[in-house]
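# Results of the structural survey
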Amino acid sequence: MIVYGRNVLKELFQSKQPIKMVYFSESGDKELEGLVEEVKKRKIPYSIAPKNVLKKLCGEEKNQGVVIDIGEFEYADENDLPDNPFLVLLDQIQDPQNLGAIVRTCVAAGVDMVMLTKDNSAHVTPGAVKASAGTVFRIPIAITVNLSRYIEKLKENGVWVFGADMRGKPIWEADLKRPLAIVLGNEGSGIRQLVKQSCDELVSIPMKTPIDSLNVSVSAGIIVYEVLRREMVNG
């Protein structure tokens, strides 16, 4: 996979994701020169190339003079969970921009893992990496073949699973204590019926002025930050 941007490279420095090659533009400022020195120090293969070569590699002229070949994105093992986890499960989220935005929020709010579905789902693409500002490399992201079955496994291990649905109880009334998982559904159709039935409880975001729905990345932000707010208030 080819990704680009200075922040993305900085995030990669802090991650376990292997880097195959970094391409830098021929001319740059002190920050770019500093990144070149950091790559040298880490013994990461790199090349200095004309700007048109970088554009051809990533398909984007505004690449900040940094293009990175990371090979295959390294997904986490779906069963590799920490104690007392806080998880976000995405049921067929299809827009890479939404995926990236959700992941960025999850990182900021202290979510332990993001789970994707294998089929009919956006996976980690250059677009998702860009939308996340590179934070996809900071959090375990896993893929499951059967989300309903995975939820049942979580429940067997004591994880309480909340599904975000407009017909659920107001989020303020839910007991959002770890270990827990939040399920967010497809941009158009929401959570699939079988997945919804697997959830322990459905929760909704109250609206003063009712509308059809919020963007899924906005909903994710509201819900995961409600979990964080309670953790911080309750110590």
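Provided above is the structure to which this section pertains.
Nothing here was measured: the structure is a model prediction, and the numbers come from that model.

What follows concerns the sheet that holds strand S9 (residues 180–185). Judged by pairing direction, the sheet is parallel, and its six strands sit side by side in the order S7-S6-S5-S9-S8-S10 without closing on themselves. Every other strand in the sheet has two partners, leaving strand S7 (141–144) and strand S10 (201–204) as the edge strands with one partner each. When the angles between neighbouring strand axes are averaged without regard to direction, this sheet yields 35 degrees. Here strand S8 (residues 160–170) pairs with S9 via four bridges, running parallel. Across the sheet, the residue bridging to Trp-160 is Leu-180, located in S9. Relative to the sheet, helix H4 (residues 96–109) contacts strand S5 (86–91), strand S6 (113–117) and S7, its axis offset from that of S5 by approximately 170 degrees. Packed onto the sheet, helix H8 (residues 216–234) meets S5, S8 and S9 and runs at close to 165 degrees relative to S9.

On to the sheet that holds strand S1 (residues 2–4), then. Read across the open sheet, the four strands follow the order S1-S4-S2-S3; overall the sheet is mixed. Of all the strands in the sheet, just S1 and strand S3 (46–49) have a single pairing partner and so form its edges. Averaged over all pairs of adjacent strands, the angle between strand axes in this sheet comes to 25 degrees, irrespective of strand direction. As judged from the four bridges shared by strand S2 (residues 21–25) and S3, these two strands associate in the parallel manner. Within the sheet, the bridge partner assigned to Val-22 lies in S3 and is Tyr-46. Helix-sheet contacts for helix H2 (residues 30–41) involve S2, S3 and strand S4 (66–69), and the interaxial angle to S2 is about 155 degrees. The sheet contacts of helix H3 (residues 51–58) involve S1, S2, S3 and S4, and relative to S2 the element is tilted by about 135 degrees.

This part takes up helix H6 (residues 147–156). For an α-helix the count is 3.6 residues per turn, leaving residues at separations of three or four pointing the same way. Buried within H6 are the following residues: Leu-147, Ser-148, Tyr-150, Ile-151 and Leu-154. End-on, the buried residues of H6 take up no more than an arc of 160 degrees, which puts them together on one face. For H6, the exposed residues set more than 90 degrees away from the buried face come down to Arg-149 and Glu-156. Check the buried side of H6 and you find it contacts S5, S6, S7, S8, S9 and helix H7 (193–198). Residue Gly-158 follows H6 closely and has a positive phi angle near 85 degrees.

Taking 1.5 Å of rise per residue, 14 residues should cover 20 Å, and H4 covers 20 Å from first to last C-alpha, within 8% of that figure. Those residues of H4 lying buried are Asn-98, Leu-99, Gly-100, Ile-102, Val-103, Thr-105, Cys-106 and Ala-109. Where the residues of H4 are buried, they touch S5, S6, helix H5 (126–131), S7 and H8. Of the residues that open H4, the one with a side-chain oxygen 2.8 Å from the backbone nitrogen of Gln-97 is Asp-95.

Quick look at unusual backbone geometry now. The step from Arg-178 to Pro-179 runs through a cis peptide bond, and the omega angle for that step is -5 degrees. Along the polypeptide, Pro-179 turns up in the loop between S8 and S9. The backbone of Asn-120 shows a phi angle near 55 degrees, a positive value even though the residue is not glycine. Assignment of secondary structure puts Asn-120 in the loop between S6 and H5. The exposure class of Asn-120 is partly exposed, given its relative accessible area of 49%.

Let us look at the packing of aromatic side chains. Inspection of the entire model under this criterion finds three aromatic pairs. Aromatic pair Phe-73 and Tyr-75: ring centres 4.8 Å apart, planes at 75 degrees, arrangement edge-to-face. The class of Phe-73 is buried, set by a relative accessible area of 9%. Of the aromatic side chains, those joined through ring pairs into one cluster are Phe-73, Tyr-75 and Phe-137.

Procedures and definitions
Residues numbered from 1 in each chain as written. Predicted model: local features only at pLDDT ≥ 70, side-chain atom pairs only at ≥ 80, totals over all residues. Heavy atoms only, no water. Pairing = 2+ DSSP bridges. Helix = DSSP H or I, 4+ residues; strand = E, 2+ residues; numbered from the N terminus. Axes fitted to C-alpha atoms, helices over the stretch in contact; angles between N-to-C directions. Contact = heavy atoms within 4.5 Å. Buried < 20%, exposed > 50% of the residue type's maximum accessible area, 1.4 Å probe, protein only. Arc of directions from axis to C-beta. Expected span 1.5 Å × (residues − 1). Polar contact = N/O pair within 3.5 Å; in protein donor to acceptor, adjacent residues only side chain to side chain. Phe/Tyr/Trp six-rings, centres within 6.5 Å; stacked < 30°, edge-to-face > 60°.

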